[in-house]
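Structural overview for review
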Amino acid sequence: MTLLRRGASITVNALFQFNSEDTLEQSWTQVLSDIEREIPDSGTFTAFLADMRLLRIEATEAVIAVRNDFHADVIKEYHAPLLLRLVRKHVSSKISSLHFETLVSTDTEVEEESEDIVAKTKPVESPVSAVIINSEHFYEDYTFDNFVIGDSNQMAYQAALSVAEAPGSTAFNPLTIYGNTGLGKTHLLQAIGHFVSQEETASRVYYISALDFLKKYTDCVKEGIEKKHNTIHLFYQEFDAIDVLLIDDVQHLAGKEKTQKAFLAIFAKFISCGKQIVLSTDCLPEEIPNMHEGLVSHFTGGMLIDVQAPTQKTKIDILRQKAKTDNIQLSPDVLCYLAAQVTTNIRVLEGLFTKVLASSIFCNSEPSIETVQELVDDYKRDIRARITTELVQEKVASYFSLSVGQLRAQSRKRTVAYPRSIAIYLCRTLTKMSLKSIGINFGNRDYSTIIHTIKKMEQDLATDDTAQKDVALLSKLIQS
Ligand code: ADP
Ligand code: MG
């Protein structure tokens, strides 16, 4: 790959004395090889640093060419001190600052470059024809065909379909789908995977939840430490062999700085190679607490699209589709009644439906509206025993006119911190979640912070009337 640089040969300010340009090139090679040695993960080096070129030296500033503005941002943010130290060591100790310029390519070279990139990133020969790499994580029925389109999700559906039809070739890269839990984000991500895997192009698809990504990365780092042998390149290699990456629930990367860095490296490589990334999150990217700014802006750099709560009509359509698949007759009254029982979460709607289906199979008859009403009452009692953190967060957030994202964020303002403490306390008292899981669901706060918040809330409840009233009212709302 040849890249034409602004000022193709290195120009050196008169301040510096070098034997020849060769010497300078050699010094630069030395800089790169030291960086490669000093940076703990080779993926970052390959993705961001290996391409750097020393363009010229102006006064006491080294002007360095990098691939694009994004690369410049990452290098400035994470690697500038190391780079400056090595430039001073190998090039000249008189250099006191670095300046980055973006590489430009001629037309023909762009083609060469993209061919080269394609060649580099072409998947290693796969012994099997299957192109969904980790098929055990895919649900068979999460397809576009099974997705009911309504006003609340039409845009997200269209965007997902466009991406599936031409992965990496639309403006939707990355495609980020956001919305509350149970609105079909995972379904759409996996529908893209199913669709792409059936195309003749046979792109390789990989689906991973952010929590699994986090685990995979930390396991790899731990293994390297245990074996005293860095294996992180294997982690990156696995992603190199993928064409379409589907990452679910990226809000779980909140506060995980090292994993975010690893993700950033993979992310940048995907985008620069024109490979497709699709993400989901349960709130707006900028509301994810402790998320690297660069990542947030890249999450939103392609297409950001939300899924909203389904309308009554969509809920009925979903029930109708399920009834058809499972071959059960439901009267319009029953459909209407069932749909009205659920405000947002389609997973809950499916739970209700399954209950009705089981009863109808058991009784071998079409369920009457009275039977369905009884089943719904039972189900609601069941749900009460299975209240989730998401439900608590949604109720508390809407009670205090906040978003769920704000509730999970790091803000210490009382208008947010007080509702958050109540939500954490209610999660502890109304759900079966462990302190660790509650912490994960509140922006990855650690276990000790959660204990401290609960203890403090218990003290407040003993003396503070307002807190008592808020907690009592909210408990009722959540359990109703
Ligand atoms: P999320 O990832 O947003 O929490 P999921 O994708 O897991 O939600 O959806 C929850 C359940 O609801 C899944 O079983 C999914 O198949 C179903 N579902 C969601 N939206 C639709 C839809 N528009 N049509 C059919 N089923 C849907
Ligand atoms: Mg999901």
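Looking at the site of ligand 1
If you check the shell around ligand 1, you find 17 residues, and the closest are Gly-182, Lys-185, Thr-186, His-187 and Glu-350. Between ligand 1 and the protein, one listed contact pairs an oxygen atom with a backbone N or O atom of Leu-183 at 3.2 Å. For ligand 1, an oxygen atom lies 2.8 Å from a polar atom in the side chain of Thr-186. Relative to its unbound accessible area of 550 Å², ligand 1 is 94% covered by the protein chains. For the shell around ligand 1, the elements supplying multiple residues, two or more each, are α6 (185-198) and α13 (346-363).

Some points on the packing of aromatic side chains
Applying the stated criterion to the full structure yields 17 aromatic pairs. Pairing Phe-144 with Tyr-157 gives two aromatic rings, centres 5.5 Å apart and planes at 85°, and the pair type is edge-to-face. Residue Phe-144 is found in the loop between α4 (107-121) and α5 (154-165), and its partner Tyr-157 is found in helix α5; the two are separated by 13 residues along the sequence. In terms of burial, Phe-144 and Tyr-157 fall into one category: buried. Each ring, one from Phe-263 and one from Phe-299, has its centre 6.1 Å from the other, and the planes form 45°; the classification is tilted. With Phe-263 in helix α9 (residues 257-272) and Phe-299 in helix α10 (residues 293-299), the pair connects residues that are 36 residues apart, well separated along the chain. Of the two residues examined, Phe-263 and Phe-299, each falls in the buried class. Members of the aromatic cluster, joined through ring pairs, are Tyr-206, Phe-213, Tyr-217, Phe-235, Tyr-236, Phe-239, Phe-263, Phe-267 and Phe-299. The ring of Phe-270 carries the charged tip of Lys-275 above its face, separated from the ring centre by 4.5 Å.

Points about the sheet that holds strand β6 (residues 205-209)
Strand order in the open sheet formed by 5 strands is β6-β7-β8-β5-β9, and the pairing between neighbours is parallel. Of all strands in the sheet, those bounded by a partner on one side alone are β6 and β9 (303-306). Direction aside, neighbouring strands of the sheet carry axes that sit 15° apart on average. Here strand β5 (residues 175-178) runs beside strand β8 (residues 276-281); their pairing, made up of 4 bridges, is parallel.

As for a negative patch on the surface
Negative charge collects at one region of the surface, where Asp-69, Asp-73, Glu-77, Glu-257 and Glu-293 lie side by side. No other element matches the 3 residues that helix α3 (residues 69-90) contributes to the negative patch. Examined against the element boundaries, Glu-77 turns out to sit in helix α3. On the accessibility criterion, Glu-77 (54% relative accessible area) is exposed.

So, the confidence of the model for the protein chain
On average, the protein chain scores 82 in pLDDT, and the residues at 70 or more come to 86%. Low pLDDT, under 50, characterises residues 1-20; the predicted model gives this stretch 51 contacts beyond four residues in sequence or across chains. Segment residues 104-130 is flagged for pLDDT under 50; beyond a separation of four residues in sequence, or across chains, it makes 26 contacts in the model.

A few points about the packing of helix α7 (residues 210-227) against helix α8 (residues 232-240)
α8 packs onto α7 with a crossing angle of 145° between their chain directions and a minimal axis gap of 8 Å. Contacts between α7 and α8 pair Phe-213, Lys-216, Tyr-217, Cys-220 and Val-221 from the former with Ile-232, Phe-235, Tyr-236, Glu-238 and Phe-239 from the latter. Classifying every residue of the contact of α7 with α8 gives 8 nonpolar, no polar and 2 charged.

Comments concerning the pairing of strand β2 (residues 53-58)
Strand direction decides the pairing type here: β2 and strand β3 (residues 61-66), joined by 5 bridges, are antiparallel. Counted as the bridge partner of Leu-54 is Ile-64 from β3. A loop of 2 residues connects β2 with β3, the two strands running antiparallel in sequence, and Ala-59 in this loop sits at a positive phi of about 50°.

About the criteria used
- Residues numbered from 1 in each chain as written.
- Chains lettered and ligands numbered in written order.
- Predicted model: local features only at pLDDT ≥ 70, side-chain atom pairs only at ≥ 80, totals over all residues.
- Heavy atoms only, no water.
- Near = heavy atom within 4 Å.
- Polar contact = N/O pair within 3.5 Å; in protein donor to acceptor, adjacent residues only side chain to side chain.
- Areas by Shrake-Rupley, 256 points an atom, 1.4 Å probe, with all protein chains shown as cover.
- Helix = DSSP H or I, 4+ residues; strand = E, 2+ residues; numbered from the N terminus.
- Phe/Tyr/Trp six-rings, centres within 6.5 Å; stacked < 30°, edge-to-face > 60°.
- Buried < 20%, exposed > 50% of the residue type's maximum accessible area, 1.4 Å probe, protein only.
- Lys NZ or Arg CZ within 6 Å of the ring centre and 35° of its normal.
- Pairing = 2+ DSSP bridges.
- Axes fitted to C-alpha atoms, helices over the stretch in contact; angles between N-to-C directions.
- Patch = residues over 30% accessible without salt bridge, like charges linked within 9 Å, V, L, I, M, F, W, Y side chains within 5 Å.
- Salt bridge = Lys/Arg side-chain N within 4 Å of Asp/Glu carboxyl O.
- Lys, Arg positive; Asp, Glu negative; His and termini not counted.
- Charge placed at Lys NZ, Arg CZ, Asp CG, Glu CD.
- pLDDT = per-residue confidence, 0-100.
- Contact = heavy atoms within 4.5 Å.
- Nonpolar A, V, L, I, M, F, W, Y, C, P; charged D, E, K, R; others polar.

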